[in-house]
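What follows is each chain in one-letter form.
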Amino acid sequence: MRVFSLRQTSRTVLLSMSASLALTLSAQAATVKPAAAQAAPTANQSGNSRLTPATSTDGIIALVNENAILKSDLVDAVVQTQARAQAAGEPIANSAQLQSEVLNALILRELQLSMVKRVGLNPDEAAINQRLAQIAQSEGLTNLSALQQRLDAAQPGSYAALRAQLIEEASIQALQQRQISNRVRISEQDIDAFLASPEAKRLNQSEYQTIHLRVPYMDDYSRLSEAQRAEALKVAEDLRNRLLAPNVDVAQAIAASQGNYPIPLQGGDTGFHKASALPTELASEITKLEVGAVSAPLVTPEGIDIIKLANKKDSDKMLIPQWHTRHILVKVDELQTDALAEQKINDLYGQLRSGADFAALASTYSDDPGSAGRGGDLDWVSEEDMVAPFEAAMKNTTVGDYSAPFKTQFGWHILKVEGTREQDVSNQYRRNMARQALYQRLAPQAKEDWLQELRAGAYIQILG
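Bringing the overall build of the chain into the picture now. For the chain, the count of helices and strands is 16 helices and 11 strands. Split into buried and exposed, the 464 residues of the chain put 41% on the buried side. Taking the intrachain contacts of the chain between residues at least 6 apart in sequence as the baseline, contacts between residues at least 24 apart amount to 71%. Taken as a whole, the chain presents about 24300 Å² of accessible surface, with 50% of it coming from carbon and sulfur.

Okay, structure coming up:
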């Protein structure tokens, strides 16, 4: 069972606009350094002067550079933290230490949001809408309009508050990624050393056939009673025991374990896949299993997962298709309208159809400075290297032939496919995975260091 301590609280303080909204729709966390290693709030925040909704009269509790944190902000964040701890089965009392941890998280959040504004970070609107759509789906709703209606019916302005919170969280994540990536330096020698270590074995190209089943919860996890949680775990353990049988009929196992459980059990045989294509927490479980073994029940926010490794295929090679491609680009910009660019590309297409040499036309007329000097040669291109319209045209063009004119965000193109091949990129893949593994190992400390520097360079005053 996960122990929800005050040290963990400092890393999982919920910072949304509304406690109930955060717990049921968008659990967000601000990662901070434990308060014991930071400048703590002043001593007059003692156990005898704890802020609560009943004792707090709104006012400023802290000044952070030119911004203020209100007492009500602290009260809300403490309530949310306690609710999250309660949902995890580890209640936390409203103590001076808890308030210190939560206030430190609010201060760091304020510092990061100020920096977001200074550097002009704006999250992708499509990503925000996608996150809202996921929240809507988790609530059994089919679209964002339905989510907005439900939230605003319960409390006017709740949808706008949730959206604003998601934008802030996405901005902070982008800022942290930028800052951390500037601090983490990984050399080729570091990668070589990692690949020589036992840990690198998990970067192999093995494919795993898994049976992945889930016991969904009867309600949002934070609202489940102890009896409901115990019932879900009992069903999961029964399902695990049935999966242990060799050559098990998965459908029959699900039906037998379903019993009187009110929510249909989910999942089945997911086929073969590489561990790298799975969420990290699942990949770490699967790669530890022997063929035929079944994982212990894995408690997640969505339900209790059970995984059986049905089969495994070892592979030392990772082959990907590649296309040797040339292209001619006619740009659309402030000096050349779309209509004029289209007219030029059609003229070049006519010359090709009359027998003109593709490389010669690219050298003379292409607006792509990187390839024009090489007769339009883009060398070998892999999937997802190019924008979608270019990739589609490339895949639909036979070797030795050229495409009809087509348009991308860069302008009008004609491409030619000189050849195709299957390229072994196993070594490149392993090095990229090693770099990611090293980054994940070094990033937490880099983040802590940056947050300490951010706080040390700020003006912070805690008011009694």
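Tallied over the full model, the rule gives two aromatic pairs. Look at Tyr349 and Tyr402: their rings are 6.1 Å apart centre to centre, the planes differ by 85°, and that puts the pair in the edge-to-face class. Of the two residues, Tyr349 sits in helix α12 (residues 338–353) while Tyr402 sits in the loop between α15 (388–395) and β9 (406–408), which places them 53 residues apart along the sequence. Classification of Tyr402 as partly exposed rests on a relative accessible area of 23%.

Attention now goes to the nonpolar core. By size, the foremost hydrophobic cluster in this structure holds 25 residues, and its most contacted members are Ile69, Leu74, Val102, Leu103, Ile107 and Leu111. Listing elements by their share of this core, those giving two or more residues are β1 (60–64), α3 (71–87), α4 (96–119) and α16 (426–456). The dominant element in this core, judged by the number of residues it contributes, is α4, at nine residues. Formed by 18 residues, the second largest nonpolar core is a distinct cluster that contains Tyr217, Ala232, Ala253 and Ile254.

Moving on to α15. For α15, the set of buried residues is Phe390, Glu391, Ala393 and Met394. The buried residues of α15 all sit within an arc of 165° when viewed along its axis, so they share a single face. In the core, the buried residues of α15 are packed alongside β7 (319–331), β8 (377–382), β9 and β10 (411–424).

Right, let's talk about the pattern of salt bridges for a bit. What the rule picks out here adds up to 16 salt bridges. Of the charged contacts, one joins Arg150 and Glu139 as a salt bridge, the two residues approaching to 3.6 Å between their closest N and O atoms. One end of the pair, Arg150, is in helix α6 (residues 144–154); the other, Glu139, is in the loop between α5 (125–138) and α6, and 11 residues separate them in sequence. For Glu139, a relative accessible area of 21% translates into the label partly exposed. The partner of Arg214 in a salt bridge is Asp305, with the nearest N and O atoms 2.7 Å apart. Linking Arg214 in strand β3 (residues 207–216) with Asp305 in strand β6 (residues 303–313), this pair joins segments that are 91 residues apart in sequence. On the basis of relative accessible area, Asp305 is assigned to the buried category, the value being 2%. A single network of salt bridges, built from pairs that share partners, joins Glu188, Asp192, Arg431 and Arg435.

What counts as what
Residues numbered from 1 in each chain as written. Predicted model: local features only at pLDDT ≥ 70, side-chain atom pairs only at ≥ 80, totals over all residues. Heavy atoms only, no water. Helix = DSSP H or I, 4+ residues; strand = E, 2+ residues; numbered from the N terminus. Buried < 20%, exposed > 50% of the residue type's maximum accessible area, 1.4 Å probe, protein only. Contact = heavy atoms within 4.5 Å. Areas by Shrake-Rupley, 256 points an atom, 1.4 Å probe, with all protein chains shown as cover. Phe/Tyr/Trp six-rings, centres within 6.5 Å; stacked < 30°, edge-to-face > 60°. Core = buried A, V, L, I, M, F, W, Y, C linked by side-chain atoms within 4.5 Å. Arc of directions from axis to C-beta. Salt bridge = Lys/Arg side-chain N within 4 Å of Asp/Glu carboxyl O.

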